Amino acid sequence: MMANEIKNAKDGLAALLSSISGLRVLDYPADSISEFPAAVILFESRDALETLGGSTFTGKLKVVLLVSSANTQQAYDTLDQLMDPQGASSIEAAVDADTTWGASVDDGRLVSIDNVGQRRLWGGLYVAADLHLRFTKSVAT
């Protein structure tokens, strides 16, 4: 049996973000995205650290938030709610509520948010933001 720890981490985070009402969660950059707001979960990188009796790795995921193609006040208001540290629509609050992402990681946290504004991505023009998350996972050998 082969473990897929990166996919497990993405799936755990996706399940957590799916609890935010109205947020569409994807674990790949779809050709076209028509339902907003949307969160696209992408793997960024990982580091390995050997420990006694196994290993631990730290992974980085990026969530690209897309709120709409219109550069409007409503689009930015929606984005602000998702980026806010607290509230029913807060991604950070959802992640902090279960730092194991449904037991898929040992610890997962939001690290930073950047690149906020109108951007051309995957063939579309969106109001977007990048959320960077880091997780650790112990793997028995």
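Here's a quick rundown of the structure. None of these values were measured; they are calculated from a predicted model. (Residues numbered from 1 in each chain as written. Predicted model: local features only at pLDDT ≥ 70, side-chain atom pairs only at ≥ 80, totals over all residues. Heavy atoms only, no water.)

The next point concerns the overall build of the protein. The secondary structure content of the protein amounts to three helices and five strands. Listing each helix as α and each strand as β along the protein from the N terminus yields α-β-β-β-α-α-β-β. The C-alpha atoms of the protein give a radius of gyration of 16 Å, which matches the 14 Å a tight globule of 141 residues would have. Across its three principal axes, the protein shows a C-alpha extent of roughly 55 × 30 × 25 Å. Burial status across the protein gives 41% buried among its 141 residues. A separation of at least 24 residues holds for 56% of the contacts in the protein among residues at least 6 apart in sequence. Approximately 7,500 Å² of the protein is accessible, and the part contributed by carbon and sulfur atoms is 48%. On the protein, the mean spot of the 11 positive side-chain charges and the mean spot of the 18 negative ones are 5 Å from each other. (Helix = DSSP H or I, 4+ residues; strand = E, 2+ residues; numbered from the N terminus. Rg over C-alpha atoms; globule rule 2.2 N^0.38 Å. Buried < 20%, exposed > 50% of the residue type's maximum accessible area, 1.4 Å probe, protein only. Contact = heavy atoms within 4.5 Å. Areas by Shrake-Rupley, 256 points an atom, 1.4 Å probe, with all protein chains shown as cover. Lys, Arg positive; Asp, Glu negative; His and termini not counted. Charge placed at Lys NZ, Arg CZ, Asp CG, Glu CD.)

Let us now look at helix H1 (residues 5-17). Here H1 is 13 residues long and its end C-alpha atoms lie 18 Å apart, about the 18 Å a rise of 1.5 Å per residue gives. When we look at burial in H1, the residues that qualify are Glu-5, Ala-9, Lys-10, Gly-12, Leu-13, Ala-14, Leu-16 and Leu-17. (Expected span 1.5 Å × (residues − 1).)

Attention now moves to unusual backbone geometry. Backbone torsion omega between Phe-36 and Pro-37 reads -5°, so that peptide bond is classified as cis. Looking at the secondary structure, you find Pro-37 in the loop between strand S1 (24-26) and strand S2 (38-51). Here Asn-115, not a glycine, exhibits a phi torsion of approximately 55°, which is positive. Turning to its location among the elements, Asn-115 is positioned in strand S4 (residues 107-121). We classify Asn-115 as partly exposed; its relative accessible area is 41%. Backbone geometry at Trp-122 places phi at a positive 50°, although glycine is not the residue there. Inspection of the secondary structure assignment puts Trp-122 in the loop between S4 and strand S5 (124-140). Assessed through its relative accessible area of 28%, Trp-122 is described here as partly exposed.

What follows is about the pattern of salt bridges. Inspection of every chain in the model, using the stated rule, returns four salt bridges. Residue Glu-5 is joined to Lys-137 by a salt bridge in which the shortest nitrogen-to-oxygen separation is 3.9 Å. One end of the pair, Glu-5, is in helix H1; the other, Lys-137, is in strand S5, with 132 residues separating them in the sequence. Accessibility assignment for this pair places Glu-5 and Lys-137 in one class, buried. Linking Arg-119 and Asp-130 is a salt bridge whose minimum nitrogen-to-oxygen distance equals 2.9 Å. With a gap of 11 residues between them, Arg-119 in strand S4 and Asp-130 in strand S5 connect regions that are remote in the sequence. Judged by relative accessible area, Asp-130 falls into the buried class, the value being 5%. (Salt bridge = Lys/Arg side-chain N within 4 Å of Asp/Glu carboxyl O.)

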